[in-house]
Amino acid sequence: MFSTIAIIISLFLLMYFAYRGYSVLILAPLMATLAVALSGDILSSLPIYTTVFMKALSGFLLKFFPIFLLGAVFGQLMADSGAATAIARTVVSKLGANKAILAVVLVCAILTYGGVSLFVVAFAIYPIAKDLFKSAEVPKRLIPGAIALGSFTFTMTALPGTPAIQNAIPIPYYGTNAFAAPILGIIGSLVMFGLGMLWLQRRAHSAKTAGEGYGIHEDDELHADNLDPHHTSFMVAMIPLVLVIGINALLTYAVFPNMDFSALQAQFKDLDIKGALGLWSIIIALVTAIIALIVLRLGKWTNLQHSLNKGSYSSMLPIFNTGSEVGYGAVIATLAGFAVLRDSVLNLSPNNPLISEAVAMTILAGITGSSSGGLSIALPILGKEYLAQAVAHGISPELLHRVAVMAAGGLDTLPHSGAVITLFAICHLTHKQSYKDVAMVTMAIPLIAVTVVIALGTMFGSF
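Here is what the cut-offs are and how they apply
- Residues numbered from 1 in each chain as written.
- Predicted model: local features only at pLDDT ≥ 70, side-chain atom pairs only at ≥ 80, totals over all residues.
- Heavy atoms only, no water.
- Core = buried A, V, L, I, M, F, W, Y, C linked by side-chain atoms within 4.5 Å.
- Buried < 20%, exposed > 50% of the residue type's maximum accessible area, 1.4 Å probe, protein only.
- Helix = DSSP H or I, 4+ residues; strand = E, 2+ residues; numbered from the N terminus.
- Contact = heavy atoms within 4.5 Å.
- 1 Å grid on protein atoms, 1.4 Å probe; cavity = no way out; pocket = protein on both sides within 12 Å on 5 of 7 lines; lining within 4 Å.
- Points joined across faces, edges and corners; volume = space filled by probe spheres on them.
- Axes fitted to C-alpha atoms, helices over the stretch in contact; angles between N-to-C directions.
- Left-handed = near helix turned anticlockwise from the far one by under 90°.
- Nonpolar A, V, L, I, M, F, W, Y, C, P; charged D, E, K, R; others polar.
- Salt bridge = Lys/Arg side-chain N within 4 Å of Asp/Glu carboxyl O.
- Expected span 1.5 Å × (residues − 1).
- pLDDT = per-residue confidence, 0-100.

Overview of the nonpolar core
If you look at soluble globular proteins, the nonpolar side chains tend to sit buried side by side. Membership of the largest hydrophobic core comes to 146 residues, with the highest contact counts inside it found for Phe74, Ile101, Leu111, Phe133 and Tyr328. Considering each element in turn, this core owes the most residues, 14 residues, to helix α3 (residues 45–80). The contacts of isoleucine 101, once residues within four sequence positions are left out, are Phe133, Val138, Leu142, Ala146, Met197, Leu200, Gln201 and Ala204.

This is how it looks when you write it as structure tokens:
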């Protein structure tokens, strides 16, 4: 019993200190050690750290480091080449200033679905969004909500084929691919996009009725006009994004299913071919898009070496943060009290593991302030149990995959979330000014969407 309390104490301390700005690289091993010590096994703290914690962290790096690295490099190249700005300008010019919110949401959606990091998108789009909202007299406080709707929701967790790390994490555990449950994913995306836009437009209309306007803000003087010295064309800018999704789909549905991997399996006996193919598809797609982007902009790079290095370095902190959370979860799983918590979660809905899975992913994502963190803690520990339950109840692993990812995108943007804190810093706004709208479009509405997907999946199966 006390071991269970120790786990709960360490979880809430992890959440509290993360909100206060302390690095997860420090917090995760400290809170894992605290949980072990409070459970009455102080002598095991150091061996558990060097074996269980570090083994789990290194295992996560082994699986997902290429996707973190390539995703960060691709995003940096899209930003530095002017491609992200070119796409933003084209969408804005087609829709016009009177559709400021829709323009920002669509630009963010196009970029993140094409593989650009949400942080890169936020940095690239904010200057354009600021000028656009000012012209349309839409309150600046709604900018974070618009960026978050386009970047942190349906393109991250629901749209089939998205190369987001969240969509890649379940692949080796469920033997699925990035396009898992495509129709249900599209339905979930439409729910998030439709209700999110309805909320933001309603808020903008209320502000206009009250005569609020854009507002007076002390802000930096960065303007969209200065962001793309090479004037990248929209068509050229879109090619790498199309390649990411297109090649991923081609490999997933046409190439890999028709290949014979028996020789490869004989050479690498421990390799899980089915679990690896989904990751290989994303890796090849990102590498191809990076090469294409470099070639398309050949001779026009201000400093290609700097862009490649910056993208590489920027991948390190996210992957080690997430890996540390995986290590924390692995340590917690060794404690006696975890069995009580695990059984409670698994038995939430004995006849429908989708509900239990959704609750587990949502809670852990909320505690860590990260959807990838929640998935990375839960799946190594509970993935086999959920897969076994799903098979026993005739539930498709693809549906299990989609529900896990969408549920992790529910409470991952609580106030202590690093993504939320970074977004507000970029926009020069505060939680008090903008958090209500961010919470609505990234938590309340996604939870409605995953409920819809679970209901449809339970009634009709995966499609």
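After that view, the rundown keeps rolling.
Re unusual backbone geometry
Unlike most non-glycine residues, alanine 181 shows phi in positive territory, near 45°. The phi torsion at histidine 428 lies on the positive side, around 55°, for a residue other than glycine. Mapped onto the elements of the fold, histidine 428 is located in the loop between α21 (418–427) and α22 (431–460).

Focus on the layout of surface pockets
When its volume is computed, the second largest pocket comes out at roughly 420 Å³. If you trace the second largest pocket, you find 22 residues lining it, with Leu11, Leu341, Val345, Ile363 and Leu364 closest to the centre. Counting only elements with at least two residues in the lining of the second largest pocket, the list comes to α1 (2–19), α16 (316–334), α17 (336–346), α18 (353–368) and α19 (371–392).

Some thoughts on the packing of helix α4 (residues 83–95) against helix α12 (residues 234–255)
Orientation of α4 relative to α12, taken along the N-to-C sense of each, is 115°, at an axis distance of 8 Å. Pair α4 / α12 crosses with left-handed handedness. In this structure, α4 uses Ala83, Ala86, Ile87 and Thr90 to contact α12, whose residues at the interface are Phe234, Ala237, Met238 and Leu241. Residues belonging to the contact of α4 with α12 are distributed by class as follows: seven nonpolar, one polar and no charged.

Side note on the pattern of salt bridges
One pass over the full model with this rule turns up two salt bridges. A salt bridge links arginine 141 to glutamate 212, with the shortest nitrogen-to-oxygen separation between them at 2.8 Å. Taken together, the residues arginine 141 in the loop between α6 (118–136) and α7 (143–151) and glutamate 212 in the loop between α11 (182–209) and α12 connect sequence positions 71 residues apart. Since its relative accessible area comes to 19%, arginine 141 is described here as buried. For glutamate 212, a relative accessible area of 37% translates into the label partly exposed. For arginine 203, the salt bridge goes to aspartate 437, with nearest N and O atoms at 2.7 Å. In this pair, arginine 203 sits in helix α11 while aspartate 437 sits in helix α22, placing the two residues 234 residues apart along the sequence. Aspartate 437 gets classed as buried once you look at its relative accessible area, which sits at 0%.

Thoughts on α22
With 30 residues, α22 extends 40 Å from end C-alpha to end C-alpha; this agrees with the ideal 44 Å at 1.5 Å per step. Just downstream of α22 lies glycine 461, where phi reads positive at about 85°.

Remarks on the side chain of threonine 157
Position of threonine 157 among the secondary structure elements: in helix α8 (residues 154–157). For threonine 157, the contacting residues outside a window of four places in its chain are Met192, Arg402, Val405, Met406 and Gly409.

Describing the confidence of the model for the protein
Low pLDDT means the predicted atomic positions in that stretch should not be read closely. On average, residues of the protein score 87 in pLDDT, and 96% of them are at 70 or above. Segment residues 222–227: pLDDT under 50, and 14 contacts once partners within four positions in sequence are set aside and those in other chains are kept.

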